[in-house]
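Descriptive analysis of the structure
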Amino acid sequence: MPAGVVDAAAKGVRPERRAAGAKKQLVSASSHLLFRATVLATIALVVLFAAHYPSLLSRSYILSAAAYGRGAASWEREVRRSAAPRRDGALSVLVTGAAGFVGLHCSLALSARGDGVVGLDNFNAYYDPSLKRARQRLLASRGVLVLDGDVNDAALLERLLAAARITHVLHLAAQAGVRHALRAPQAYVAANVAGLVALLEAAARHADPQPALVWASSSSVYGLNDDAPFSEDHRTDRPASLYAATKKAGEAIAHAYNHIYGLSITGLRFFTVYGPWGRPDMAYFSFARSIVAGEPVTLFRAADGAVARRDFTYVDDVVRGCLGALDTAGKSTGSRSGKKRGPAPLRVYNLGNTSPVPVTHMLAILEKLLGRKARKRVVTMPSNGDVPFTHANVSHAARDLGYRPATSLEAGLRHFVDWFVRYYKVDVGGGSADAGKTAKRKSMPTSAAS
Ligand SMILES: NC(=O)c1ccc[n+]([C@@H]2O[C@H](COP(=O)([O-])OP(=O)(O)OC[C@H]3O[C@@H](n4cnc5c(N)ncnc54)[C@H](O)[C@@H]3O)[C@@H](O)[C@H]2O)c1
Ligand SMILES: *[C@@H]1O[C@H](CO)[C@@H](O)[C@H](O)[C@H]1NC(C)=O
């Protein structure tokens, strides 16, 4: 006889009733166990899910945080306001890399003619981010919003394309620079290959209707081509740098997205763009800095003794080419469902100046404008990606985009130097950039703004 029953009998309780009570306890205990097991199983499932789909979870978290959290509605309102065209027939353009050099100038020009512009930039530290912030502030003063974000952030792109009715994308975000690829190869793959794919995915599959896309390729795709001037139908299968290879890959990727999804895509091969608000990593900019600081300037000579020549192109000319490409871009023919109505335009154009100039001549112009001689250090060009010369044939851009480069290197560098001395508060004695021999550095803060 079980102990409980003896006990119950001693207390004068009928054994049957006691047995029923024990059974009840047993049932409730087992349901507790079941409850605990269910909770544990649920937790295990969530953990498993999180481990397998981290992007999905974080994405939905970000989306819901954005939708219900602080400022979601005002974020959307700001994006819509910035992207809204301000005249009939105007465009609504998403400019990636808008806090960059060319991105700034294109955004200013679009906004000035009444197009809506919303920018996106990740403000990376490849060169002084305070210069990018200053460009962002300049754009903000013209009513152009530049969002802080990465083109690889698919959820952000989707949200952006849902918030505003973007008609055109001007994709300028990239890891630029030829020599830096030796130190940071993955940065080129992330920005120029993965970033381009993320953007094309968003444009092809998450925008309704699909926008037309214009993006920056590069003259560097001509690589070791020595047939000059460079024409769009010349070979581009011999890149001399990883940078060039990622731009060439971009052109192939553009072909695939145009073919599959009916995206209208125009690639623009820029040739050494320079001007105010330029890129500190480029030769003309670093030469100016070195001249002012009294530091030596390094000049590269090819192995055969020839000095490097570049088809320097003034930024305003390039901007006109970009706007021409946006204005003439035909419509995309695909839709979110993946059906395309027919072939969409796929174009590629050189945007150069058509007159290569020896880098030594560019330096001489800077010396004159800054009123100071450079200390020169001539070294043989290492085979690290730079090509000996570039020279654009722009007849296709002239025909289709109305592109006519109109700025001489002297005139363009004068605009650059005017900006440079103002931005960095360089004293050139007398206020004008070519005021003679008195140029000296007053201060060159890396965070100066104007
Ligand atoms: N300036 C030239 O001479 C030249 C020549 C050929 C091609 N290009 C191409 O033109 C475009 C613009 O060049 P630029 O001279 O204005 O360079 P830039 O570096 O000043 O501008 C690029 C901008 O993109 C941003 N960016 C980089 N990766 C990003 C990412 N993953 N997500 C969001 N933003 C990102 C950077 O912060 C930067 O502000 C680039 O695609 C470049 O490769 C420029
Ligand atoms: C430039 O390209 C056009 C079109 O391909 C061609 O007809 C012309 O001859 C080229 N110009 C030069 C100088 O090579």
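Residues numbered from 1 in each chain as written. Chains lettered and ligands numbered in written order. Predicted model: local features only at pLDDT ≥ 70, side-chain atom pairs only at ≥ 80, totals over all residues.

**Description of the site of ligand 2**
In plain terms, the rule: Near residues are defined by distance alone, with the backbone-placed C-beta atom required to lie within 6 Å of the molecule or strand. Under the convention adopted here, Pro, Cys and the residues Ala, Val, Leu, Ile, Met, Phe, Trp and Tyr are nonpolar, Asp, Glu, Lys and Arg are charged, and Gly plus all remaining residues are polar.
As a structural note, the neighbourhood of ligand 2 is formed by P229, S231, N393 and S395. Residue composition of the shell around ligand 2, grouped by class: one nonpolar, three polar and no charged.

**Focus: the packing of helix 12 (residues 359-370) against helix 14 (residues 409-423)**
So the rule is basically this: Axis definition: a line fitted to C-alpha atoms, over the contacting stretch in the case of helices. Angles run 0 to 180 degrees between N-to-C directions. Helix and strand labels come from DSSP, where a helix needs a run of H or I of at least four residues and a strand needs a run of E of at least two; each type is numbered from the N terminus. An angle below 35 degrees is read as roughly parallel, one above 145 as roughly antiparallel, one from 65 to 115 as roughly perpendicular, and any other as oblique. By definition, any crossing whose near helix is turned counterclockwise from its far helix by less than a right angle is left-handed, and any crossing with a clockwise turn is right-handed. Contact criterion: two residues are in contact if their C-beta atoms, reconstructed from the backbone, are within 7 Å.
Between helix 12 and helix 14, the least distance of the axes is 10 Å, while the angle of their chain directions is 50 degrees. In terms of orientation, helix 12 lies oblique with respect to helix 14. Where helix 12 crosses over helix 14, the two elements pack in a sense that is right-handed. In this structure, helix 12 contributes M362, I365, L366, L369 and L370 to the contact, and helix 14 contributes L409, E410, L413, R414 and V417.

**A look at the site of ligand 1**
Close to ligand 1 lie 29 residues; G97, G100, A174, A216 and F270 are nearest. Counting residues per element, the ones that place at least two in the shell around ligand 1 are helix 5 (101-112), strand 2 (116-121), helix 8 (185-205) and strand 5 (212-218). No other element matches helix 5, which puts three residues into the shell around ligand 1.

**A closer look at the sheet that holds strand 1 (residues 92-96)**
Put simply, the rule reads: Following DSSP output, two strands are said to pair if at least two bridges run between them.
Taking strand neighbours across the sheet as the criterion, the seven strands line up as 3-2-1-4-5-6-11 in an open arrangement whose pairing is parallel. Each edge of the open sheet is held by one strand with a lone partner, namely strand 3 (145-148) and strand 11 (346-351). Across the sheet, the mean angle separating the axes of adjacent strands is 20 degrees when strand polarity is ignored. Two elements, strand 1 and strand 2, share five bridges in a ladder whose sense is parallel. In the sheet register, S92 faces strand 2, and the bridge partner there is G116.

**Description of the nonpolar core**
General note: in soluble globular proteins, nonpolar side chains tend to be found buried as a group. Defined as follows: Put simply, a nonpolar core is a cluster of buried Ala, Val, Leu, Ile, Met, Phe, Trp, Tyr and Cys residues tied together by C-beta atoms within 7 Å. We call a residue exposed when 12 or fewer other C-beta atoms sit within 10 Å of its C-beta, buried when the count reaches 20 or more, and partly exposed for counts in between; the C-beta positions come from the backbone.
One finds C322 and L366 to be the most contacted residues of the largest nonpolar core, which totals 107 residues. The dominant element in this core, judged by the number of residues it contributes, is helix 8, at eight residues.

**Looking at the environment of L108**
By the element assignment, L108 lies in helix 5. Sequence separation of L108 and R142 is 34 residues, and the distance between their C-alpha atoms is 7.6 Å.

**Some remarks on the pairing of strand 1**
For clarity, the cut-off: The handedness of a crossover follows from its direction of travel: if, with the strands pointing away from the viewer, the path from the first strand over the helix to the second runs clockwise, the crossover is right-handed.
Most of strand 1 is tucked away: five of the five residues are buried. Covered by surrounding structure in strand 1 are S92, L94 and T96 together with V93 and V95, the residues of both alternating faces. The parallel pair strand 1 and strand 2, bridged by helix 5, forms a crossover whose chirality is right-handed. Bridge count for strand 1 against strand 4 (residues 168-171) is four bridges, and the pairing is parallel. Pairing of V93 across the sheet is with H168, part of strand 4.

**Some details on the confidence of the model for the chain**
Short version of the rule: Confidence of the predictor at the level of single residues is given by pLDDT, which spans 0 to 100.
When the pLDDT values of the chain are averaged, the result is 86; 80% of them are 70 or greater. Within the chain, the lowest mean pLDDT, 38, falls on helix 1 (residues 3-10), and the highest, 99, falls on helix 5. Note on residues 1-21: pLDDT is under 50 here. Beyond four places in sequence and across chains, it has ten contacts.

**Structural notes on the packing of helix 8 against helix 9 (residues 242-261)**
Between two packed helices, the angle of one axis relative to the other and the distance separating the axes together describe the packing. Viewed as axis vectors pointing N to C, helix 8 and helix 9 meet at an angle of 15 degrees, and their least axial separation amounts to 10 Å. Between helix 8 and helix 9, the interaxial angle falls into the category roughly parallel. Between helix 8 and helix 9 the crossing geometry is right-handed. Residues P185, Y188, V189, N192, V193, L196, V197, L200 and A204 of helix 8 form the contact with helix 9, whose own contacting residues are L242, Y243, T246, K247, A249, G250, I253, Y257 and Y261.

**Here we look at the environment of W419**
As for its position among the elements, W419 is in helix 14. Each C-alpha atom, one on W419 and one on G278, is 9.5 Å from the other, the two residues being 141 residues apart in sequence. Those residues in contact with W419 that lie beyond four places of it in its chain are P276 and W277.

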